[in-house]
Each structure stands twice: as C-alpha cells, then as structure tokens.
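# Overview (structure and organization)
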Amino acid sequence: MRNSYHIYMRELRSYFVSPIAYVVIALFLAISGIFFYLLLQSFIQMSFRMMMQAQQFQMQVPAMNINQMVIRSLFLNMSIITLFMLPMITMKLFSEEKRSGTIELLFTSPITNWEIVIGKFFAALTVYIAMILGTVSYVSVLFIYGNPELMPVISGYLGLILMGAMTVAIGGLISALTENQIIAAVGCFGTMMILWFVGFASGFVGPELGAIIKYLSVMEHFTDFAKGVIDSSHMVFYLSFAFFSLFLTYQAVESAKWRG
Amino acid sequence: MIDVKNLSKNYGSFEAVKDVSFFIDKGEVVGFLGPNAAGKTTTMRILTCYMPATQGSVSVAGFDVFDNPMSVKKRVGYLPEHPPLYPEMTVESYLSFVGKIKGLSGKILKMKLDKVLERTSTAEVRSNLIANLSKGFKQRVGLAQALIHDPEVLVLDEPTVGLDPKQIIEVRELIKELGEDHTIILSTHILPEVSATCGRVIIINKGKIVAEDTPENLTSGLQGQERIEIEVDGPSKKVLAALSKIKGVLKVSEDGDGSIKRYKIELEKEPDVRKAVAASVVNNGWGLLEMKSSGLSLEEIFLQLTTDEGVEV
C-alpha cells in the first residue's frame, strides 16, 4: 500500500499545482455560498414576519426550525452542485495518463493495478472532501448566532462524503475507459444525472421494477442524511456502489493492457 | 539476459509480431532496427511487461514476464517512444516519484537521484518544471527516469527521435557509456545510430526477424561481392565500355555530368581486379582522380531486407 500512497501524493500534488482544484473549489464555494445566503435571508425574513404577527395578535412566537429550513435545504442544494463539480475532478484521473503516455511508466513499474486505482481514487476524494469542508464556515455561522442541532449537520456531511465517494468511483471508472477528458467528464455527469433522477420513473412502472428503480436513485438515499438520519442501508448503498465501480475500474485498467 | 522464444502478438486479427525469437547476452548493446510499424514497440512493450504476449515466452534477467512481472519490472528500465513525463512536476520531484514507485526510499533514493541527474546532465534543470524543458532535456529526463533504480536491463524505444544533431551525439555517447555496465536493447529506424552504438543488430520487418548480425558483418560480408567507386576524367561511353570488359567486373554505372564522372563498379570478391581497373583507365590515357572501396551501406542492406524485392538471408 506504500505505492498507493506515492500515487496518491503525486495525484494530489498535481491537482493543486494546476488551477483545476482551485477553480472547482472556488466555484463550488461561491455557488453554495449564494444558496446559503438566500436560504438564510428567507429564513430571517420569515422569522421577522412571524414575530410581527405574534406581537400583533398577542400570541407566543412560534418556534422556527433552522435545521429544517436552512441546513437541510443547504445540504440538498450542495449535493446537486457537487454533481456538476465532481466530473471536473475525476475526468483526468486515467484519461490524461493514457493520452500523455505516462500510463506506460505506471504499468512498467513494480506496482499493482489495485495500488494505482486506490491511490487515484483517494486523491480525487481528498480534493472533494477539501471542497465540501469549505462550507463548514457557512454552517458554523449558524452555530455562532443560533443553536441548531449538531447531528443533522454531521449526518449531512457524512452523506455528502459517501455520495461523493460513489461519484468519484464512477468518474474514475469512466475516465479509465477513454483517453478523452471531455468524454470522461460528460460520461460521469450523465451517469450521475440518470442515477439522480431515475427515482421519478418509479411511479410509472410496475411495483417490483419501481422498487428497484427507487433503490437506485441517489437522491432517495441522500434525503435521509440531509434530514439527520444515519441509516446503514443508505451507507451500504453508497459504499457498495463505490466498491463495485472501483472493481470495474480495476478490470478496465487490466483489460486495457490486454487490448494493448 | 533477455530470452525471447517464438513470440507472437496479435491486435485483433492484425499480427504485429510473428514468431520472433532472439537471445541477448548480459552486457550486450543490441539495436532493434525496422521501418515504422514493424513491431519494434510491441516487442519492447512485451519485454517490459506493459502488455502480455499472445503466444511464446519471454524471460528477462531470469524471470518470465508473464509469471513473474514484478521481478522483471524491478530489473528493467524503460524509455517509451514518448517519454512518460508529468509536465506539471519539477524534474527533481518527478524523478523522486519514479524512484519511489520503483521501490527506492530515503537516503538511497536521494543518492541515486543525484547520481542519475549527473549522469544524464540534467542537474542544471533539477528544479525546473518539466513543461518548460526543451525537447532534448525532456528526452534526457526520460532517460534518467529509466535509469533511476539502476536496472540491469535498459529498453530504449527510439531514444534519439526528435533531437537536434548535437543532442543526438550526446545521447549516443551516453548510451555507449551505459552499455559498459548494462544490457541495452534500443530500437530505431535511424541507421547510423546502430553503427554508432550497437554491438549487434536485429532487423525486423512486418513482425518478423529478417537479419541478425553485427553492423560490420551486415555491411560487408552479406553480398559476396565488393564495390568500388572511381572518379575518371574521360569520355564516359568509352570509359564504360572499357571498364565493363575487365574480367571480374559485374556491373558499372555512371553518375555525374561534364567530362569528370563517378563510376560505381560491382566486382567479384575474388580475384582482386582493382589493379586491372586502374591499369585500364591509365592505359587509355584518362585521368584517374579517385578510387575507393565502398561496401553496401547499412541503408542499402536495410532497404534490401525490408522491401519486397529484398534478398532473404
């Protein structure tokens, strides 16, 4: 596994010496920052209105749930934004090495294909985690000026990380199938889009097929995390999808050797 | 050191390498010669465990490439046709990464890194980004990459392609130097390179070995005939007629214009008729300005062997 670490470090460094990581992280933080601001504004306006009304009618001020109204929506929004950002992170993983020929160096060095796949996967995952951890600053503002529940925040981040792990694995797989970075990015984006919205179709097909389709829907599994529920069945879904994709990536890398 | 037996490789229905066998001893520098798409790169990729063979067995440094790829990879340094460089890295961090994945670490890595930088004269650019290097330096960093773990066997795929003449000479010098303590197999389609660096040549065409010998033997003994070139000041028709009459002369061709012309003469090897040629020119009162023997050049042999009309050896 030491070799995985070398691959990981090289990959990670290459993200941060090129503009890719900075551009993706900055854009993500800007977009999710805008969403956070809008959500918070509407929450504040609504609570003011509630307070006025309560004063007017001599009632008690109704309790407003910031977890439900701001944090949950923020996580749902962020999960959609990552969908657009992650393919940019994963697209170069293998396709770049194939195109530039550096894959020849890796294949003729005394390291296994698993070590290559694992090292690359964790490097992209690290960039992703660095990206979403930037938003901790937004959420901590709420903790400074209010007292939201902590659990839903933790479960939300856990959900984002698990979903990201799955997306990174799928993106890596598609990148291992092509030399073209654009195809790798579009392929990953398209696959995730389908897995995201496939749940809508579950209502129109039979009950058995519907259940399967619903199970495949990424959104379906994420909603619970955003609500603050950590359900092991959702974790199993994301992790098994990630492992399966990594396994296929390994097979793709291995078969590229045989095909030459 | 390298033992290839009945190696074949197919890409789909296309046979890139057909039943190739050769043996390379420890310390040899062998040139792998052939036109483009002859199967040189494919053979080299199989030797370096980049891809498996369709048929046949290959062993490098005593290990089979299929059964024991890790042991082979540790002992082989490979410079692909396009040096496998990461443009966003500095030379030093790149070489240190390569060293690490080849199994070096700590002090030994640092020591070998310094040694290889010095050996390939890349020390002056050690902290430059690879993206900003000239083609010559990139090629040398590629060579450094192949050398860093001090492999027993070096496989170099067209090491001098795209370099300027001065750099080509430098790289050839380096290869010669490396040949003193490494087994080297290098591919090329540039012929002088072979005579400059290799002790033995394997000529491959359309996936098959067509000849295998030292460059000297290939250029001289191959045809069983000799060639001389003379420059004569005299009427060309008469000269041609006179030369053709000499016993032992097989063929005469002329070249050039004006009254001074060059004649290429193919002779039987025995008996030596050069004296008779000279005498005939002088006796006729023409001026013999130059006479030299010219063996078939490696280029001509190569063309003969790799084109369809070529002589099978």
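Across its full length, chain A carries twelve helices and zero strands. Walking chain A from its N terminus toward its C terminus, one meets helices and strands in the order α-α-α-α-α-α-α-α-α-α-α-α. Considering only C-alpha atoms, chain A reaches an extent of 80 × 50 × 30 Å along its principal axes. Buried residues in chain A amount to 48% of all 260 residues. Pairs at least 24 apart in sequence give 76% of the contacts found in chain A among residues at least 6 apart. When the accessible surface of chain A is split by element, carbon and sulfur atoms take 71% of a total near 12,300 Å². Separation of charge centres in chain A, based on 13 positive and 12 negative side chains, amounts to 6 Å.

Our focus in this paragraph is the sheet that holds strand β7 (residues 153-157) of chain B. All names here are of chain B. The six strands lie next to each other as β6-β7-β8-β3-β9-β10, forming an open sheet whose pairing is mixed. For this open sheet the edge positions go to β6 (76-79) and β10 (208-213), each flanked by a neighbour on one side alone. Neighbour-to-neighbour, the strand axes of this sheet turn through a mean angle of 15°, independent of strand direction. Direction of pairing for β7 relative to strand β8 (residues 183-188): parallel, over a ladder of five bridges. Its bridge partner being in β8, L156 is matched across the sheet by L186. In the packing of helix α1 (residues 40-47) onto the sheet, contacts are made with β3 (29-33), β6, β7, β8 and β9 (200-205), and the angle to β8 comes to roughly 150°. Relative to the sheet, helix α5 (residues 135-147) contacts β6 and β7, its axis offset from that of β6 by approximately 165°.

Before going further, it helps to spend a moment on unusual backbone geometry. Note on backbone geometry: most residues besides glycine have negative phi, and most peptide bonds are trans. All names here are of chain B. Despite not being glycine, D19 shows a phi value in the positive range, around 50°. The residue A37 is not glycine, and still its phi comes out positive at about 65°. Within the secondary structure layout, A37 lies in the loop between β3 and α1. Here A37 falls in the exposed class, since its relative accessible area comes to 77%.

Accessible area lost during the coming together of the parts is what is often quoted as the interface size. Counting residues at the interface gives 25 residues for chain A and 28 residues for chain B. At the boundary of chain A with chain B, total buried surface from both sides reaches about 2,500 Å², with 65% on carbon and sulfur atoms. Between the two partners, chain A and chain B, sit two salt bridges. Taking the shortest distance from any N to any O, the salt bridge between A:R10 and B:E88 comes out at 3.3 Å. Linking chain A with chain B are six residue pairs in polar contact (both at pLDDT 80 or more), by the criterion used here. Of all the secondary-structure elements, those providing two or more residues to the side of chain A that touches chain B are α1 (2-17), α5 (103-107) and α12 (232-259) of chain A. Element by element, the count of residues in the side of chain A that touches chain B is highest for α1(A), at eight residues. Taken together, the residues that form the side of chain A that touches chain B break down as nine nonpolar, nine polar and seven charged.

This brings us to the sheet that holds strand β1 (residues 2-11) of chain B. All names here are of chain B. The strand order across the open sheet formed by four strands is β2-β1-β4-β5, and the pairing between neighbours is antiparallel. In the strand order of this sheet, the two ends are held by β2 (14-24) and β5 (63-64), each with one partner. Inspection of the sheet shows β1 paired to β2 by seven bridges, in the antiparallel sense. Following the sheet pairing, N10 is matched in β2 by E15. In the packing of α1 onto the sheet, the strands contacted are β1, β2 and β4 (55-60), and the crossing angle to β1 comes to about 120°.

Criteria and cut-off values
Residues numbered from 1 in each chain as written. Chains lettered and ligands numbered in written order. Predicted model: local features only at pLDDT ≥ 70, side-chain atom pairs only at ≥ 80, totals over all residues. Heavy atoms only, no water. Helix = DSSP H or I, 4+ residues; strand = E, 2+ residues; numbered from the N terminus. Buried < 20%, exposed > 50% of the residue type's maximum accessible area, 1.4 Å probe, protein only. Contact = heavy atoms within 4.5 Å. Areas by Shrake-Rupley, 256 points an atom, 1.4 Å probe, with all protein chains shown as cover. Lys, Arg positive; Asp, Glu negative; His and termini not counted. Charge placed at Lys NZ, Arg CZ, Asp CG, Glu CD. Pairing = 2+ DSSP bridges. Axes fitted to C-alpha atoms, helices over the stretch in contact; angles between N-to-C directions. Buried area = accessible area lost by both parts, 1.4 Å probe. Salt bridge = Lys/Arg side-chain N within 4 Å of Asp/Glu carboxyl O. Polar contact = N/O pair within 3.5 Å; in protein donor to acceptor, adjacent residues only side chain to side chain. Nonpolar A, V, L, I, M, F, W, Y, C, P; charged D, E, K, R; others polar.

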